[in-house]
Amino acid sequence: MALSLRKIRLRLVWLLVLPFFWFARPTPLLLGIGVVLAVIGLVIRASAAGVIRKEKQLATSGIYAHTRNPLYLGSLFLGLGVVVAGGQWIFAVLFLVFFAAVYGRTMRGEAELLEGLFGDAYRDYARSVPLLVPRLTAYRAPGIPEEAAPRFNVERWRGNKEYEALMGAVAVFGFLALRMFWL
């Protein structure tokens with residue numbers, strides 16, 4: 001049975017997680033900086049998860065009007081927050097290499113899927129909206145009035161199980177806070 005890229009990505013992360021927790025040396029300052037970065041990531045992810053209707057509708061409103069991959073941008077901030085809080089800079093480097101390798105490939109694969117599903121609408125969107133780094137002005141899909149664009153919806157956020165990222169972040173930072181006392 002072939003593993004999906006998503007499953008591989010989620011399993012590979014454990015190669016970094018276990019050594020990270022073992023070698024983590026959080027300090028109050030680093031933990032505080034890490035929490036701020038992680039909260040930014042969680043807000044970005046939540047705003048994306050509350051808009052997207054995966055593979056059913058091309059998301060071009062809300063945060064998707066600024067970046068094509070806000071969930072991954074949020075994951076980048078969340079991951080950076082965790083590794084900064086851990087206090088071992090080698091893990092920040094490893095995380096960035098992991099992110100670039102795995103998520104770069106994932107984003108390209110998803111772009112191909114979305115182009116296949118939404119054709120010219122996606123191609124127009126992709127020409128106007130950056131892959132990851134947000135643009136300052138919001139993209140407006142041609143022919144779709146702004147008031148018709150999907151808005152953030154808590155039920156959609158819940159249906160996309162974004163609460164799992166929040167619960168995971170609380171657990172990781174709780175562990176790192178406890179780890180400060182184990183040093």
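A. Quick peek at the packing of aromatic side chains. Tallied over the entire structure, the rule returns nine aromatic pairs. Pairing Trp157 with Tyr163 gives two aromatic rings, centres 6.3 Å apart and planes at 65 degrees, and the pair type is edge-to-face.

B. Inspection of the environment of Ala92 at higher detail. Examined against the element boundaries, Ala92 turns out to sit in helix α4 (residues 89-128). Along the sequence, Ala92 and Leu113 sit 21 residues apart, while their C-alpha atoms lie 30 Å from each other.

C. Representation of the nonpolar core. Formed by 45 residues in total, the largest nonpolar core has its most connected members in Tyr64, Phe99, Tyr103, Tyr125, Leu132, Phe173 and Leu176. Among the elements of the structure, α2 (28-49), α3 (70-86), α4 and α6 (163-182) are those that each provide at least two residues to this core. Counting residues per element, this core draws most heavily on α4, which supplies 11 residues. If near-sequence neighbours (up to four positions away) are discounted, Tyr125 is found in contact with Leu58, Ala59, Thr60, Tyr64, Thr67, Arg68 and Tyr139.

D. Quick peek at the environment of Phe91. Structurally, the position occupied by Phe91 is in helix α4. Among the residues examined, Phe91 registers a relative accessible area of 8% and is labelled buried. When the C-alpha atoms of Phe91 and Phe23 are compared, they prove to be 9.5 Å apart, with 68 residues separating the residues in sequence. Apart from the residues within four sequence positions on either side, Phe91 is in contact with Leu16, Pro19, Phe20, Phe23 and Val83.

E. Local environment of the packing of α2 against α3. At a minimum axis separation of 7 Å, α2 and α3 run at an interaxial angle of 165 degrees. Relative to α3, α2 is oriented roughly antiparallel. The two elements α2 and α3 meet at a crossing, and its hand is left-handed. Looking at the contact of α2 with α3 residue by residue, the classes come out as 18 nonpolar, five polar and one charged.

F. Inspection of the environment of Thr27 at higher detail. Mapped onto the secondary structure, Thr27 falls in the loop between α1 (5-23) and α2. Its relative accessible area of 31% is what places Thr27 among the partly exposed residues. When the C-alpha positions of Thr27 and Ala92 are compared, they lie 16 Å apart, and in sequence the two are 65 residues distant. Beyond its immediate sequence surroundings of up to four residues, Thr27 is in contact with Ala85 and Met180.

G. Structural context of α2. With 22 residues, α2 extends 31 Å from end C-alpha to end C-alpha; this agrees with the ideal 32 Å at 1.5 Å per step. Packed against the buried residues of α2 are α3, α4, α5 (154-159) and α6.

Rules of the game
- Residues numbered from 1 in each chain as written.
- Predicted model: local features only at pLDDT ≥ 70, side-chain atom pairs only at ≥ 80, totals over all residues.
- Heavy atoms only, no water.
- Phe/Tyr/Trp six-rings, centres within 6.5 Å; stacked < 30°, edge-to-face > 60°.
- Helix = DSSP H or I, 4+ residues; strand = E, 2+ residues; numbered from the N terminus.
- Core = buried A, V, L, I, M, F, W, Y, C linked by side-chain atoms within 4.5 Å.
- Buried < 20%, exposed > 50% of the residue type's maximum accessible area, 1.4 Å probe, protein only.
- Contact = heavy atoms within 4.5 Å.
- Axes fitted to C-alpha atoms, helices over the stretch in contact; angles between N-to-C directions.
- Parallel < 35°, antiparallel > 145°, perpendicular 65-115°, else oblique.
- Left-handed = near helix turned anticlockwise from the far one by under 90°.
- Nonpolar A, V, L, I, M, F, W, Y, C, P; charged D, E, K, R; others polar.
- Expected span 1.5 Å × (residues − 1).

Fair warning: the whole summary comes from geometry, so function is off the table for now.
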